[in-house]
Each structure stands twice: as structure tokens, then as C-alpha cells.
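Coordinate inspection notes
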Amino acid sequence: MARPFNHPAAGDISLDNLLHALSDPMRRHIVQKLMASDSMSCIQACATLPPSTVSFHHKILREAGLIRSEKKGVEVINTLRRTEIDERFPGLLDAVFSHQTPSP
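Below you will find a few notes about this structure. Each chain has its residues counted from 1, running along the sequence as written. Residue-level local features of this predicted model are given only where pLDDT is at least 70; pairs of side-chain atoms are given and counted only at 80 or more, and the full residue set underlies all totals for whole chains, interfaces and linings. For side-chain calculations, the full set of non-hydrogen atoms in the structure is used, while hydrogens and water are omitted.

**Re the nonpolar core**
Quick note on the threshold: By nonpolar core is meant a set of buried Ala, Val, Leu, Ile, Met, Phe, Trp, Tyr and Cys residues that side-chain atoms within 4.5 Å join together. For each residue, the accessible area found with a 1.4 Å probe, counting protein chains only, is set against the maximum for its type, and the residue is called buried under 20%, exposed over 50%, and partly exposed in between. Where helices and strands are cited, they refer to DSSP runs of H or I of at least four residues and of E of at least two residues respectively, numbered from the N terminus. Two residues form a contact once any of their heavy atoms are found within 4.5 Å.
Residues Leu18, Val31, Leu61, Leu66 and Leu93 are the most contacted members of the largest nonpolar core, which totals 21 residues. Among the elements of the structure, helix H1 (15-22), helix H2 (25-35), helix H4 (51-64) and helix H6 (92-98) are those that each provide at least two residues to this core. Broken down by element, the residue count for this core peaks at four residues, all from H4. Other than its neighbours up to four places away in sequence, Leu66 contacts Leu18, Ala21, Leu22, Val31, Leu61, Thr79, Leu80, Arg81, Ile85 and Leu93.

**Observations regarding H1**
Selection criterion: For this quantity, the arc is that covered by the directions from the helix axis to the C-beta atoms.
Within the span of H1, buried status applies to Leu18, Ala21 and Leu22. Buried positions in H1, seen along its axis, are confined to an arc of 95° and lie on one side of it. As for H1, its buried residues are in contact with H2, H4, helix H5 (82-88) and H6.

**Some points on the side chain of Arg81**
Here is the rule: N or O atoms within 3.5 Å of each other form a polar contact, as long as, within protein, one can give a hydrogen and the other can take it, and as long as residues adjacent in sequence are counted only when both atoms are side-chain atoms.
Residue position: Arg81 is located in the loop between strand E3 (75-80) and H5. The class of Arg81 is buried, set by a relative accessible area of 3%. A polar contact is formed between the side chain of Arg81 and the backbone oxygen of Pro8, at a distance of 2.9 Å. Setting aside chain neighbours within four positions, we find Arg81 in contact with His7, Pro8, Ala9, Ala10, Ile13, Gly65, Leu66, Ile67 and Arg68.

Here it is as C-alpha cells:
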């Protein structure tokens, strides 16, 4: 049986962890793709990367509180915790991504 994913409570999400997670261009790319859709599997987010690298980036995003991951069969479906982030840090994601150059 697979271990459940750990997600921080909304009140435990810190600005330092969010900024660390968003400091990597690939993780910003993942978040940007999630901002444009309701949910997405790990494979859809980064099809060109090795699975271990994709897992690592999603783990950082999950532990920072940016995404919620749920196992659906053999896939892991991720959703952006946009409402919780916007309530805790209003305008943060908009500010970060208004200056983001388009993803490759």
C-alpha cells in the first residue's frame, strides 16, 4: 500500500518555503501549468524529465504547501492550492507570475 502524501495545513505554510519552492524554474513551470488547469498528473507537467526528477520537484512543491497531490490508480494528480495561498499571502502568486518569462 502506498504511503499517503503529507500536506501542510494552510496555517503552517510559510513564505520562506513558498519562495524556496518557487526559486527553481522547473517548479515555477509546474505551478504555471497548474494555474492554467484544474489538475494535472505529474507526467503531464514534465513529460521530458526523468520520473525521479519530476517526483522530487512535486515533493518540494507539496511540502511547501503549493500543491495537493492525490493518488488516482497509478497516477498522482496534483492541484494548486491557490485559494489557500491567496488567503495566506494575498497577491503572491500573481506577483511572481506577472514577471515570469514564458516557459520553454
